[in-house]
Amino acid sequence: MIALRHELAVYALTGLTILGIAASSADFRHGPLFREDGVVETAAAMLFLAALIIGLHRRLFRSAVGLGFCGVALLACLSEISFGARYLDFAMPAMAGGGELDGAQDLVMLAYRGAEANGGTLLVIVLAVIVPLLAGIWTYRSGHLARLAAWFCADNGRATIAVAMAVIGLATILDVMEVARFAEEILELFGAGLFVTAALRLDR
């Protein structure tokens, strides 16, 4: 099997190339690739579905990590297609501030809008920076960081899932901030590709 670092390099190079083209061309950015149910979103949904099918075929659900992986892959696939609302012609619940509650990331958006409405946006941002920083310092000083790193390195699939979740988390931030939709879609596609890689690499 190709080394994981080579797969990550291919994904990253492809994503950066598409991102560069999109950033430099409004016609490309607003074309069929990035619209709702467009090429990129549909491709991401299919990749998440492929990761789920591979995970089920390899019976990854027998472990806690594999079960969580399959669950997230299913949720991500359904979120990409709005739980089938547009295909089956039904409406998802409306959200305060606009839009529909048709994806897991919308729960984060609702929380952000609630904080914004109550003047707590700055507090949320500060906590989002401070809490992970303090957690990182604690895990390092307690020795848990080295054990956690060893646990991830013991299985390439775990490390790939971690990278995929970080990429999807960044896409969620862009979605909540309602900026650069094309970049959000590319990141989700990148994350979906990583999920397929994780499904193939995760130790059963």
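Positions within a chain are numbered from 1, following the residues in the order the chain's sequence is written. Predicted model: local features are reported for residues with pLDDT of at least 70 only, side-chain atom pairs are reported and counted for 80 or more only, and whole-chain, interface and lining totals are derived from all residues. Hydrogens and water molecules were not included; the side-chain quantities draw on all heavy atoms of the structure.

A. Quick peek at the packing of helix H4 (residues 64-80) against helix H10 (residues 181-201). In the contact formed by H4 and H10, the axes pass within 12 Å of each other and the chain directions differ by 150°. Two packed elements cross with a definite hand, and for H4 against H10 that hand is left-handed. Across the interface between the two elements, Phe69, Val72, Ala73 and Glu80 from H4 touch Glu185, Glu188, Phe195, Ala198 and Ala199 from H10. Side-chain classes are defined by residue name, with Ala, Val, Leu, Ile, Met, Phe, Trp, Tyr, Cys and Pro counting as nonpolar, Asp, Glu, Lys and Arg as charged, and the others, Gly among them, as polar. Along the lines of polarity and charge, the residues of the contact of H4 with H10 split into six nonpolar, no polar and three charged. Axis definition: a line fitted to C-alpha atoms, over the contacting stretch in the case of helices. Angles run 0 to 180 degrees between N-to-C directions. Each helix corresponds to a stretch of at least 4 residues labelled H or I by DSSP, and each strand to a stretch of at least 2 residues labelled E; elements are numbered beginning at the N terminus. With the far helix as reference, a near helix turned anticlockwise by less than a right angle produces a left-handed crossing, and one turned clockwise produces a right-handed crossing. Any two residues having at least one pair of non-hydrogen atoms within 4.5 Å are treated as being in contact.

B. Representation of a nonpolar patch on the surface. Taken together, the side chains of Val65, Tyr140, Leu145, Leu148 and Trp151 define a hydrophobic patch exposed on the protein surface, amounting to about 480 Å² of accessible area. No other element matches helix H8 (residues 144-153), which puts three residues into the nonpolar patch. Throughout this description, buried means an accessible area under 20% of the type-specific maximum (1.4 Å probe, protein chains only), exposed means over 50%, and partly exposed covers the range between. With relative accessibility at 31%, the residue Val65 sits in the partly exposed group. Patch definition: residues with relative accessible area over 30% and no salt bridge; like charges joined within 9 Å; nonpolar side chains (Val, Leu, Ile, Met, Phe, Trp, Tyr) joined within 5 Å. For every accessible area listed, the method is Shrake-Rupley and the probe measures 1.4 Å; residues are considered covered only by the protein chains on display. For this document, the term salt bridge refers to a Lys or Arg side-chain nitrogen within 4 Å of an Asp or Glu carboxyl oxygen.

C. View of the nonpolar core. What is meant by a nonpolar core is a set of buried Ala, Val, Leu, Ile, Met, Phe, Trp, Tyr and Cys residues, joined one to another through side-chain atoms within 4.5 Å. Core analysis: the largest hydrophobic core is formed by 31 residues, its most contacted members being Phe34, Phe48, Ala51, Phe69, Phe182 and Phe195. Mapped by element, the contributors of at least two residues to this core are helix H3 (39-57), H4, helix H9 (156-177) and H10. With 11 residues, H10 is the single largest residue contributor to this core.

D. A look at H10. In this model H10 runs 30 Å from its N-terminal to its C-terminal C-alpha over 21 residues, within 8% of the 30 Å that 1.5 Å per residue would give. Across the 21 residues that make up H10, a large majority, 18, are buried. Helix span is expected to be 1.5 Å times the residue number reduced by one.

E. Looking closely at the packing of H3 against H10. Orientation of H3 relative to H10, taken along the N-to-C sense of each, is 20°, at an axis distance of 8 Å. In terms of their interaxial angle, H3 and H10 are classed as roughly parallel. The interaxial crossing formed by H3 with H10 has left-handed handedness. When H3 is examined against H10, the residues Val40, Glu41, Ala43, Ala44, Leu47, Phe48, Ala50, Ala51, Ile54 and Gly55 are found in contact with a partner set consisting of Arg181, Glu185, Ile186, Glu188, Leu189, Gly191, Ala192, Gly193, Phe195, Val196, Ala199 and Leu200. Taken together, the residues of the contact of H3 with H10 break down into 15 nonpolar, three polar and four charged. In this scheme, roughly parallel covers angles under 35 degrees and roughly antiparallel covers those over 145, while 65 to 115 is roughly perpendicular and the rest are oblique.

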